[in-house]
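Structural features, examined
What follows is the residue order along each chain.
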Amino acid sequence: MAPDDFEYAARLMKERSGLVLTRDKGYLLENRLMPVVRQHKFKSFHELVAALRTGDAALQSSAVDAMMAKDTAFFRDWKPFVHFAKVVLPNITHARREKKLFRVLCAGVSTGQEAYSVAMTIRDAAQQFSGWRAEIIGVDLSPTAIAAASNAHYTQFDVQRGLPIKSLLRSFTKDDAGWQLNSDVRDMVKFQTWNLLTDIYPLGRFDVILCRNVMVYLDLQAKIDLLQKISRSLADDGVLYLGTQEPLTGVSAAFRPVNRDLGIYAVHRLDKVVLSSLAVPQKH
Amino acid sequence: MKLCLVVDDSRVIRRVAAKIVQDLGFDVEEAENGRKALNACAIRMPDVLLIDTEMPELGGIATAQALRKMPGGDKVVVVFCATENDPHFIRAALEAGGNEYIMKPFDSEIVRSKFLLLDLLG
């Protein structure tokens, strides 16, 4: 790959998605963009980059979409979802007992597994939420990922990565091509294409935000900006779930760790007594 | 160290599964059918039984049912690992004493995530 081509494509990705690509990631760039090369019948990666340089907006969007990591799983890392079920949901039933409304944002939701894991957890706690309205919104920069998320049809590999077998039997219907999520869970989540580099405030305030394994792809300034936006969009007693490998030390002072190992944070302005109520149970 | 007994009539599957489970920090024993698995359980009860359903001599479901009647057998985490992916069959396997179910083919990430939700890791 010509250095010029790499520099241009890497800059395009950073401007449009925040994704940081160092020179040693040239293989990744080429690997993920080759399907775009083939789809548009270019003869080489160089030809694709030449076309991107002309400013073809649709082609640029396709290339950015293709670069986005779509690796996700149901109940990824498991323990954060146990915390959500056993600690956060009971707290919410108390704190929001007047409004009977709570909102969850899954930022960088990819193909939807995380948002549906939240939905299944809430559905399983339905007794606590009789008469409540739960709004779960999943956003991602990638239109193809959002289309897949809305479609809610998964392969046998997908439904085995993290999903308890009883949840599979309860929430999915098997067909010839895989497993279709049933409408009772599917209808609980709304998806939309959204660039987290822009403001997220128009999406409204949230009681819980999951932004897991997104910041790992961003540079420091983009992380700082995103965490500021998240802080503004999170309720005073809200909870933020990051990936387990995304420490906030030196990145943001807007949050207090509830459990660093699990990537669970509360907003810094939260009262200490309330913070202690979010502690992770010793034994799940 | 926790013990996982891997039971499958395919030597290749046993080796693949054993390697995955070893990498998760388990001691591993292997058996090629349910009868040999029960003999192994009588000597040393495993923490986890990772077992196929269809095997000669004694299948996985009958093995799990027999295991549950053995002293200490009720505490074993039974994970079926089988080709069958029909929901009715899976439901029956769970009712017969399974805690989890893995559909073949599987990979290390599937096994790791299932063991994690069963609280078997760390």
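Because the structure is predicted, anything quoted here is derived from the model rather than measured.

**Focus: the overall build of chain A**
Each helix and strand counted, chain A has 12 helices and 10 strands in total. Against the compact-globule benchmark of 19 Å for 284 residues, chain A has a radius of gyration of 20 Å, which places it among compact chains. Looking at chain A as a whole, 52% of its 284 residues are labelled buried. Here chain A displays about 13,000 Å² of accessible surface, and carbon together with sulfur accounts for 52% of that area. Side-chain charges of chain A comprise 37 positive and 30 negative groups, with the mean position of each set lying 5 Å from the other.

**What to know about the side chain of Ser233 of chain A**
Residue and element names in this part refer to chain A. In this fold, Ser233 is placed in helix α11 (residues 220-233). Classification of Ser233 as buried rests on a relative accessible area of 0%. The residues contacting Ser233, other than those within four sequence positions of it, are Ile200, Tyr201, Gly204, Arg205, Phe206 and Ile209.

**Some details on the interface of chain B and chain A**
Chain B puts 22 residues into the contact, and the matching count from chain A is 19 residues. Across the chain B to chain A interface the summed buried area is about 1,900 Å²; carbon plus sulfur atoms make up 61%. The interface formed by chain B and chain A contains zero salt bridges. Remark: the boundary between chain B and chain A carries seven residue pairs in polar contact (both at pLDDT 80 or more). Elements with a contribution of two residues or more to the side of chain B that touches chain A: α4 (87-95), β5 (100-103) and α5 (108-117) of chain B. Top element by residues in the side of chain B that touches chain A is α5 of chain B. It accounts for six residues. Across the side of chain B that touches chain A, the residue classes tally to 12 nonpolar, three polar and seven charged.

**Considerations on the domain arrangement of chain A**
All names here are of chain A. For chain A, the assigned domains read domain 1 (3-67) and domain 2 (79-276). Of note, the centres of domain 1 and domain 2, computed from C-alpha atoms alone, are 30 Å apart. At the junction of the two partners, domain 1 supplies nine residues and domain 2 supplies nine residues. Both sides of the domain 1 and domain 2 interface together cover about 670 Å² of buried area, and 57% of this is carbon and sulfur. The interface formed by domain 1 and domain 2 contains one salt bridge. In this assembly, domain 1 and domain 2 are joined by five residue pairs in polar contact (both at pLDDT 80 or more). Those elements that place two or more of their residues in the side of domain 1 that touches domain 2 are α1 (3-17) and α4 (57-67). Tallied by class, residues from the side of domain 1 that touches domain 2 come to three nonpolar, two polar and four charged.

**Remarks on the pattern of salt bridges**
Residue and element names in this part refer to chain A. Taken as a whole and judged by the stated rule, the model has 25 salt bridges over all chains. Measuring nitrogen to oxygen at the nearest pair gives 2.9 Å for the salt bridge that ties Asp124 to Arg123. With relative accessibility at 45%, the residue Asp124 sits in the partly exposed group. In this structure, a network of salt bridges that share partners links the residues Arg123, Asp124, Arg170 and Asp184.

**Considerations on the pairing of strand β1 (residues 3-7) of chain B**
Regular strands have side chains that alternate between both faces of the sheet. Residues and elements named next belong to chain B. In terms of residue burial, β1 counts as a mostly covered element, since five of its five residues are buried. Burial along β1 is two-sided: Leu3, Leu5 and Val7 and Cys4 and Val6, pointing in opposite directions, are all buried. As paired elements, β1 and strand β2 (residues 27-31) share five bridges and run parallel to each other. Considered in β2, the bridge of Leu3 is made with Asp27. For the handedness criterion, the β-α-β arrangement of β1, helix α1 (residues 11-23) and β2 is classed as right-handed. Strand direction decides the pairing type here: β1 and strand β3 (residues 48-51), joined by four bridges, are parallel. The residue bridging Leu5 from the neighbouring strand is Leu49, located in β3.

**Observations regarding the sheet that holds strand β5 (residues 178-181) of chain A**
Residues and elements named next belong to chain A. Taken in spatial order, the three strands make up an open sheet running β3-β5-β4, and their pairing is antiparallel. Either end of the sheet is taken by a strand with one partner, and the two such strands are β3 (153-154) and β4 (172-175). Of the strand pairs in this sheet, β3 and β5 are connected by two bridges, and their pairing is antiparallel. Pairing of His153 across the sheet is with Gln180, part of β5.

Analysis parameters
- Residues numbered from 1 in each chain as written.
- Chains lettered and ligands numbered in written order.
- Predicted model: local features only at pLDDT ≥ 70, side-chain atom pairs only at ≥ 80, totals over all residues.
- Heavy atoms only, no water.
- Helix = DSSP H or I, 4+ residues; strand = E, 2+ residues; numbered from the N terminus.
- Rg over C-alpha atoms; globule rule 2.2 N^0.38 Å.
- Buried < 20%, exposed > 50% of the residue type's maximum accessible area, 1.4 Å probe, protein only.
- Areas by Shrake-Rupley, 256 points an atom, 1.4 Å probe, with all protein chains shown as cover.
- Lys, Arg positive; Asp, Glu negative; His and termini not counted.
- Charge placed at Lys NZ, Arg CZ, Asp CG, Glu CD.
- Contact = heavy atoms within 4.5 Å.
- Buried area = accessible area lost by both parts, 1.4 Å probe.
- Salt bridge = Lys/Arg side-chain N within 4 Å of Asp/Glu carboxyl O.
- Polar contact = N/O pair within 3.5 Å; in protein donor to acceptor, adjacent residues only side chain to side chain.
- Nonpolar A, V, L, I, M, F, W, Y, C, P; charged D, E, K, R; others polar.
- Domains from an automatic or database assignment.
- Pairing = 2+ DSSP bridges.
- Right-handed = clockwise from strand over helix to strand, strands pointing away.

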